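Fold and geometry: a report
One letter stands for each residue in the lines below.
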Amino acid sequence: MTTENGFLYFRGRVGLAAILKAIGIGSGDDVVIQAFTCVAVPEAVLAAGGRPVFADVGEDGVNLDLSGLAERITGSTRAIVVQHTFGIPVDMTEVMTIASQFELPVIEDCCHIYPGPGSGGSAGTAGAAAFYSFEWGKPVVVGIGGSVVANGAGLGEQLERHYASLQPPPSLTELKLRIQYHAHRLLYRPSFYWPVRFVYHATSALGLAVPSFNTISAENPEYSWRLSDRHRRRLERRIETVAADVEHARNVAKQYDLGIPECVARPPLALGSEVALARYPLLVDDKAELLATARRARVELSSWYASPVHPLPPEQYGEVGYVAGSCPRAERSATRIVSLPLNTQVGRSDIDRALRLFNRYR
Ligand SMILES: *Cc1c(COP(=O)(O)O)cnc(C)c1O
């Protein structure tokens, strides 16, 4: 079942693992990924049987350091994953030049990119394949699910074969997800972000909700699940409005551009006007304190990523093979970057509250 939105998996990471298997990744194979990422990425590499090799982010603090990429490649490297963090596009021409020197396939992590034809960007089209996520924090929210688009017929056939072996999730999981989706639609708005987040974490801990993160295990059954038909139809409906969502995101970003005082640093990005961000990143020196203030002021402010391998604390870095101190820029970003929402629920009063929060730095 490949739709015009690609192959649809239970999660984005399940799609990434499928790509890696289709490419032929197995034991002893290294996959280069960036630090300042979601644990889902190294988890998928491990699920495919490979070994994640972390590379640091560049000067911008958010995307892979292309000047240091070649140094991370060894005789065991079999693939490179590049991540368009926050929707900020990586220079794919440069990536493809480096990758072709080493004859390595490139996979684009488009989890922060608006999917579908209405998005306007070119992310996801240069590499061998791209994957997307529709989890709660992503540009298109279905609560669960991920897609894969392959850019070559050969890889497409490999994916097709593997896809035929996948099952829909069990009915109890599906039921929880349906309830969560409706609860989210009903309750979520930026001013309710903190209480909604609290309830989600509490119900997940009780096993009543499907969590975003599981214990990393080789026997995780989710890697044999596809997206259910119900969630596929929901996704198709959501993707129809992507062009309007992108327009809204650009407008909100413009308000933040103008209203947040210049003394608050933005990651140094050369963003063209065609770029649509998933979230609006800012650099602060008092991240923990600001997050606490934002909570009291009912401002949605995310700590993405709170760790170089979000949300893992240092004592769990070893589970995915990350070595503390090995990617210092990524670690620094995790202590300094916060981000504001740009989704369609963000209205005038949310923007005003956010601007007030940042005007304290004046
Ligand atoms: C959310 C996310 C993923 C994984 O998505 P899931 O659907 O939760 O598996 C992968 N990469 C990045 C950068 C993400 O933010």
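Residues numbered from 1 in each chain as written. Predicted model: local features only at pLDDT ≥ 70, side-chain atom pairs only at ≥ 80, totals over all residues. Heavy atoms only, no water.

We now examine the overall build of the protein chain. Helix and strand counts for the protein chain stand at 12 helices and 12 strands. Relative to a compact globule of 362 residues, whose C-alpha radius of gyration would be 21 Å, the protein chain shows 19 Å and is just as compact. C-alpha extents for the protein chain along the principal axes are approximately 55 × 45 × 40 Å. In the protein chain, buried positions account for 56% of the 362 residues. Contacts spanning at least 24 positions in sequence make up 72% of the contacts within the protein chain whose residues lie at least 6 apart. Carbon together with sulfur atoms contributes 53% to the accessible area of the protein chain, which is approximately 15600 Å² in total. (Helix = DSSP H or I, 4+ residues; strand = E, 2+ residues; numbered from the N terminus. Rg over C-alpha atoms; globule rule 2.2 N^0.38 Å. Buried < 20%, exposed > 50% of the residue type's maximum accessible area, 1.4 Å probe, protein only. Contact = heavy atoms within 4.5 Å. Areas by Shrake-Rupley, 256 points an atom, 1.4 Å probe, with all protein chains shown as cover.)

Near the ligand lie 14 residues; those nearest to it are Arg-13, Asp-109, His-112, Ser-133 and Lys-138. His-112 is positioned such that a nitrogen or oxygen atom in its side chain is 2.7 Å from an oxygen atom of the ligand. Here Ser-133 contributes a side-chain N or O atom positioned 2.7 Å from an oxygen atom of the ligand. In the complex, the protein chains occlude 97% of the 380 Å² of accessible area that the ligand would expose alone. Listing elements by their share of the shell around the ligand, those giving two or more residues are helix H1 (12–23) and helix H2 (40–47). (Near = heavy atom within 4 Å. Polar contact = N/O pair within 3.5 Å; in protein donor to acceptor, adjacent residues only side chain to side chain.)

Residue Tyr-305 is reached from Trp-304 by a cis peptide bond, and omega for that bond is -20°. Its place among the elements puts Tyr-305 in the loop between helix H10 (287–296) and strand E11 (309–310). Omega for the peptide link from His-310 to Pro-311 comes to 0°, which places this bond in the cis form. Position of Pro-311 among the secondary structure elements: in the loop between E11 and helix H11 (328–336). A positive phi angle, close to 60°, is found at Phe-86, a residue other than glycine. Along the chain, Phe-86 falls in the loop between strand E6 (77–83) and helix H4 (92–101). Residue classification places Phe-86 among the buried residues on the basis of a relative accessible area of 0%.

When H11 is considered as a whole, its buried residues turn out to be Ala-330, Ser-333, Ala-334 and Arg-336. Contact partners of the buried residues in H11: strand E10 (279–283), H10 and strand E12 (337–341).

The tally for this structure, following the rule as stated, stands at 13 aromatic pairs. Look at Tyr-9 and Tyr-163: their rings are 5.3 Å apart centre to centre, the planes differ by 85°, and that puts the pair in the edge-to-face class. In this pair, Tyr-9 sits in strand E2 (residues 6–9) while Tyr-163 sits in helix H5 (residues 153–163), placing the two residues 154 residues apart along the sequence. Owing to a relative accessible area of 3%, Tyr-163 belongs among the buried residues under this scheme. Ring geometry for Tyr-317 against Tyr-322: centres 5.1 Å apart, planes inclined by 85°, an arrangement best described as edge-to-face. The class of Tyr-317 is buried, set by a relative accessible area of 9%. Each residue in the set Phe-36, Phe-86, Trp-304 and Tyr-305 is aromatic and connected to the rest through ring pairs, giving one cluster. Positioned above the aromatic ring of Tyr-361 is the side chain of Arg-360, whose terminal nitrogen or guanidinium carbon lies 5.1 Å from the ring centre. (Phe/Tyr/Trp six-rings, centres within 6.5 Å; stacked < 30°, edge-to-face > 60°. Lys NZ or Arg CZ within 6 Å of the ring centre and 35° of its normal.)

Turning our eyes to something else, we now look at the pairing of E12. Of all 5 residues in E12, 5 are buried, a share of seventy percent or more. Here E10 pairs with E12 via 5 bridges, running antiparallel. Bridging from a neighbouring strand, Leu-283 pairs with Ile-337 of E12. (Pairing = 2+ DSSP bridges.)

Following the sequence through the fold, Asn-220 ends up in the loop between helix H7 (193–205) and helix H8 (229–239). On the accessibility criterion, Asn-220 (13% relative accessible area) is buried. Within the structure, the side chain of Asn-220 is placed 3.0 Å from the backbone nitrogen of Glu-222, a separation counted as a polar contact.

This part is about empty space enclosed by the protein. For the structure shown, the criterion picks out 1 cavity of 30 Å³ or more. Put simply, the largest cavity is a space of about 50 Å³. In terms of lining residues, the largest cavity is bounded by Pro-190, Tyr-256, Arg-298, Val-299, Glu-300, Leu-340, Pro-341, Asp-350, Arg-353 and Ala-354. Elements that contribute at least two residues to the lining of the largest cavity include exactly E12 and helix H12 (348–359). No other element matches the 3 residues that H12 contributes to the lining of the largest cavity. (1 Å grid on protein atoms, 1.4 Å probe; cavity = no way out; pocket = protein on both sides within 12 Å on 5 of 7 lines; lining within 4 Å. Points joined across faces, edges and corners; volume = space filled by probe spheres on them.)

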